[in-house]
Amino acid sequence: MREDASRSDSWRNEATLTYDRTFGKHTVGALGAVTLNRQWGRGFGVSASSFDIEAESMQYMAFAGSYGIPTDYYSGPDANIAFVARGSYSFADRYFFTASWRRDYAGRLPLGHNYGDFPAVTGAWKISSEPFFPKSDNINLVKIRASWGRVGNLGSIGWNYKSPSLSQMGDNTDNRMAGRTGNGKGGIMRGVTWSLTTAFNQELTWETSEQADLGLDIDLFRDRLSMSLDLYNKKTFNLIQSQTMDWPTYMGINPRQINLGEINNRGIEFVATWRDKVGKDFSYYVTGNVAYNRNRVINTGVFDSDGNSAPWVGGGGYGLETTAIYRSEVGQPINSFYMIPYEGIFQSEEDIWDHQKDGKLIQPGARPGDLKFTDVNGDGKINTDDRVYLGNPTPTYTFALSGGFTWKNFNVDVMLQGVAGNKIAYMAKQLILADVEGNFSRAKEILNAWSPENRDSTIPILSRNDPNSNLATPSGWYLEDGSYLRLKNLTIGYDITKAMRKIPHFAERNSSCNIYFSGENMFTLTKYSGMDPEVGGYDTLTYPVHKIFAFGVKLNY
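Each residue is numbered by its place in its chain's sequence as written, counting from 1. For this predicted model, a pLDDT threshold of at least 70 governs which residues receive local features, and a threshold of 80 or more governs which side-chain atom pairs are given and counted, while totals over whole chains, interfaces and linings are taken from all residues. Note that water and hydrogens are dropped before the side-chain values are worked out from all heavy atoms of the structure.

### Some words on the overall build of the protein chain
Numbering goes from the N terminus for both helices and strands, where a helix is a DSSP run of H or I of at least four residues and a strand is a run of E of at least two. On a plain count of helices and strands, the protein chain comes out with four helices and 32 strands. Two things to know: the radius of gyration comes from C-alpha atoms, and the globule rule equals 2.2 Å times the number of residues to the power 0.38. For 557 residues, the compact-globule formula gives about 24 Å, and the C-alpha radius of gyration of the protein chain, at 31 Å, lies well above that figure. With respect to the principal axes defined by its C-alpha atoms, the protein chain has extents near 85 × 85 × 65 Å. Out of the 557 residues in the protein chain, the part that is buried amounts to 36%. Pairs at least 24 residues apart make up 66% of the contacts formed inside the protein chain by residues separated by at least 6 positions. Of the accessible surface of the protein chain, which amounts to about 32,400 Å², a share of 55% is contributed by carbon and sulfur atoms. Side chains of the protein chain give 56 positive and 60 negative charges; the mean places of these two sets differ by 9 Å. For each residue, the accessible area found with a 1.4 Å probe, counting protein chains only, is set against the maximum for its type, and the residue is called buried under 20%, exposed over 50%, and partly exposed in between. By definition, residues are in contact when any of their heavy atoms lie within 4.5 Å. Throughout, the Shrake-Rupley method with a 1.4 Å probe supplies accessible areas, and for residues the shown protein chains are the sole cover considered. A residue counts as positive if it is Lys or Arg and as negative if it is Asp or Glu; His and the chain ends are not included. Taken as the charge centre is NZ of Lys, CZ of Arg, CG of Asp or CD of Glu, depending on the residue.

### Examining the sheet that holds strand E18 (residues 336-339)
Here, a strand pair is defined by DSSP locating no fewer than two bridges between the strands. Read from one edge of the open sheet, four strands run E16-E17-E18-E23, paired in antiparallel fashion. Every other strand in the sheet has two partners, leaving strand E16 (312-313) and strand E23 (388-389) as the edge strands with one partner each. Relative to strand E17 (residues 326-328), E16 runs antiparallel, the two sharing two bridges. Along E17, the bridge assignment pairs Val-313 with Arg-327.

### A closer look at unusual backbone geometry
Geometrically, the link from Gly-76 to Pro-77 is a cis peptide bond, its omega value of 0° lying close to zero. Among the structural elements, Pro-77 can be located in strand E4 (residues 71-91). Residue Asp-466 is not a glycine yet carries a positive backbone phi of 50°. Residue position: Asp-466 is located in the loop between helix H2 (429-432) and strand E27 (479-481). Overall, the relative accessible area of 16% leaves Asp-466 in the buried class. Of note in the backbone geometry, Asn-521 takes a positive phi value of approximately 55° without being a glycine.

### Brief notes about the environment of Arg-145
Relative to the elements of secondary structure, Arg-145 occurs in strand E7 (residues 139-153). Separated by 132 residues in sequence, Arg-145 and Asn-13 have C-alpha atoms that sit 33 Å apart. Setting aside anything within four residues of it in sequence, one finds Arg-145 in contact with Gly-123, Ala-124, Asp-213, Leu-214, Gly-215, Leu-216, Asp-217, Leu-229 and Asp-230. Under this definition, polar contacts are N or O atom pairs within 3.5 Å; protein pairs additionally need one hydrogen-donor-capable and one acceptor-capable atom, and for neighbouring residues in sequence, both atoms have to be side-chain atoms. For Arg-145, the side chain forms a polar contact with the side chain of Asp-217, separated by 2.8 Å.

### Focus: the sheet that holds strand E26 (residues 423-426)
Either a parallel or an antiparallel arrangement is found when strands of a sheet pair, and the pairing is made through backbone hydrogen bonds. Read from one edge to the other, the open sheet built from three strands follows the order E27-E26-E31, with strand pairing classed as mixed. Lying at the two open borders of the sheet, with one neighbouring strand each, are E27 and strand E31 (538-539). Here E26 pairs with E27 via three bridges, running antiparallel. Pairing of Ala-425 across the sheet is with Leu-479, part of E27.

### Details of the side chain of Asp-219
Following the sequence through the fold, Asp-219 ends up in strand E10 (residues 207-220). The salt bridge criterion pairs a side-chain nitrogen of Lys or Arg with a carboxyl oxygen of Asp or Glu, the two atoms within 4 Å. It turns out Asp-219 is buried and unbridged, and the closest side chain with the opposite charge, Lys-126, is 8.3 Å from it. There is a polar contact of 3.1 Å between the side chain of Asp-219 and the side chain of Ser-226. With sequence-adjacent residues up to four places away left out, Asp-219 is seen in contact with Asn-138, Ile-139, Asn-140, Leu-141, Leu-225, Ser-226 and Met-227.

### Some thoughts on the nonpolar core
Grouping buried Ala, Val, Leu, Ile, Met, Phe, Trp, Tyr and Cys residues that are joined through side-chain atoms within 4.5 Å yields what is termed a nonpolar core. Counting 29 residues, the largest nonpolar core has Ile-325, Phe-337, Leu-433 and Tyr-478 as its most contacted members. Counting residues per element, the ones that place at least two in this core are E18, strand E22 (371-373) and E26. Among the elements that take part in this core, E26 stands out by supplying three residues, more than any other.

### A look at the packing of aromatic side chains
Pairing of aromatic rings covers Phe, Tyr and Trp, the last counted by its six-membered ring, and requires centre-to-centre distances within 6.5 Å; plane angles under 30 degrees mean stacked, over 60 mean edge-to-face, and any other angle means tilted. Per the stated rule, a full pass over the model turns up 19 aromatic pairs. With 6.3 Å between their ring centres and 55° between their planes, Phe-221 and Trp-274 make a pair best called tilted. Taken together, the residues Phe-221 in the loop between E10 and strand E11 (225-237) and Trp-274 in strand E14 (residues 262-278) connect sequence positions 53 residues apart. Of the residues examined, Phe-221 reaches a relative accessible area of 31% and is grouped as partly exposed. Three or more aromatic residues joined by ring pairs make a cluster, and in this case those are Phe-282, Tyr-284, Phe-405 and Phe-410. Its guanidinium or amino end placed over the ring of Phe-96, Lys-143 lies 5.4 Å from that ring's centre, counting from NZ or CZ. In this scheme, Lys NZ or Arg CZ marks a charge over a ring once it lies within 6 Å of the ring centre and within 35 degrees of the ring normal.

### Observations concerning the pattern of salt bridges
One pass over the structure, following the stated rule, counts 22 salt bridges. In this structure, Glu-14 and Arg-12 form a salt bridge, with 3.0 Å as the shortest nitrogen-oxygen distance. Taken together, the salt bridges that share partners define one network made up of Arg-145, Asp-213, Asp-217 and Asp-230.

### Details of the confidence of the model for the protein chain
This prediction gives the protein chain a mean pLDDT of 89; 95% of its residues lie at or above 70. Throughout residues 172-189 the model reports pLDDT below 50, and contacts reaching past four residues in sequence, or to other chains, amount to 18 contacts. pLDDT is defined as a per-residue confidence score from the predictor, taking values between 0 and 100.

### Some words on the environment of Thr-27
Within the fold, Thr-27 resides in strand E2 (residues 26-49). Residue classification places Thr-27 among the partly exposed residues on the basis of a relative accessible area of 30%. Taking the C-alpha atoms as reference points, Thr-27 and Phe-97, separated by 70 residues in sequence, lie 11 Å from one another. Ignoring anything within four residues of it in the chain, the contact list for Thr-27 reads Arg-21, Thr-22, Ser-88, Tyr-89 and Ser-90.

### Some words on the pairing of strand E28 (residues 484-495)
Bridge count between strand E25 (residues 410-420) and E28: 10 bridges; the pairing is antiparallel. Counted as the bridge partner of Phe-410 is Tyr-494 from E28. Summarising the sheet, E28 and strand E30 (residues 524-526) pair through three bridges and their orientation is antiparallel. Across the sheet, Arg-486 pairs through a bridge with Thr-524, a residue of E30. Across seven bridges, the pairing between E28 and strand E29 (residues 512-520) is antiparallel. Bridging across to E29, Asn-489 finds its partner in Glu-520.

Structure, rendered in structure tokens:
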């Protein structure tokens, strides 16, 4: 058995001073604020075993025959303070300008590098408010927006980073000391040691994102149609990550966290909403949005022996012949899949002999039913030198469509959501589609593996020793299209407030009641063969999102 207890505390204090004034066509505003917060936590746990009586009523620590090493932790304190200043100005409901500045101090960062300055400016021109703009019921709003700003991020930094703590190592056994203690009796020393496991960086500071945005807002047809178009360019620099490059492995300590590299995201977003009412009882709305995003690595901050920019490499091995399938190189999307292309399945011995270089087989261990890999560099063999970029897990397009209507007391709302242009490394295929020993179930698709009678399969022939390294090769066979369209939410409701308020007691209290049904993640359209395409690009049987169905009553009394 095990007993755990924990406690966390936090407090937050904000002080804000504002000033607003309108004189003539001019409106000015100012704000100054200070925000402070502090949080900490404490926990304790102990395990026990070897009970003489296993009855649940006798499961008390005092009755245990042995105990594990207690775990005792203290997280924090984490204290932060921020100073904010903002000023705004508008003229005649036509010109708008806002400037702000924020300085944050983070208690978790080393002194001298714990603060960050994050300015921002925005401006807008409401063309439809200009005297020269023609007044019309068909064109209600035309506004141009522009903005620039910076924000900081410390999400990957632990509360106690600036105060490195020791980690427990060793086991739970007792080590008898050969000598004797000062009182002449044999001593017992617990076989546990404490050490610093991760290197500390005294210069670690804020990760910063800088974004410029240009937008256009248009409202048409008596505000029934609203549209927004945004062009953005976002640069993130001083990325917080582990120093995987140039870190000596002989030190026996995990790499430190550093600020390294720069990535860029640029794209376009479009949103349109149509709202209307038909007659007295029926109203409806439709909202759609689509976004295109282009992600690229601008600078890795590391260089090879020739002075050229070197890539970030790491992550995603999962039993392959190489330990990493991710690679981030200047000019490529971050965490791109760097793998060996494959061209299908060998259907015959003739196919295998046709796949040769200078009279030698490129895949000498292959047999009909095995995967055919591409000899990219033409050296007559398949190895890590044949890896190329085969896509990335970041969606190029994201989109959603929402709609609903209200008819008398009846209402319906629905939302569809999806992505396109991304790849997923379905690494679980190495287990669930393999003919190897294991204490787990296989996928039913394994019954469709290649055989002389089933030549259209994309699953290689089953093999215990896999001489062709079908599953151990980091190839494009693992990559699948991650696009999907999902019914994210459906809500159907019926409002019985009017009927309810016919009773005087409920009418006096302005009571209301709505009965509803809702469903989340109800179905998904996708070509992905795994359980859930919303896995972030790397799937080792990641647990899928839940389907949730709920019936409820919302009552205000």
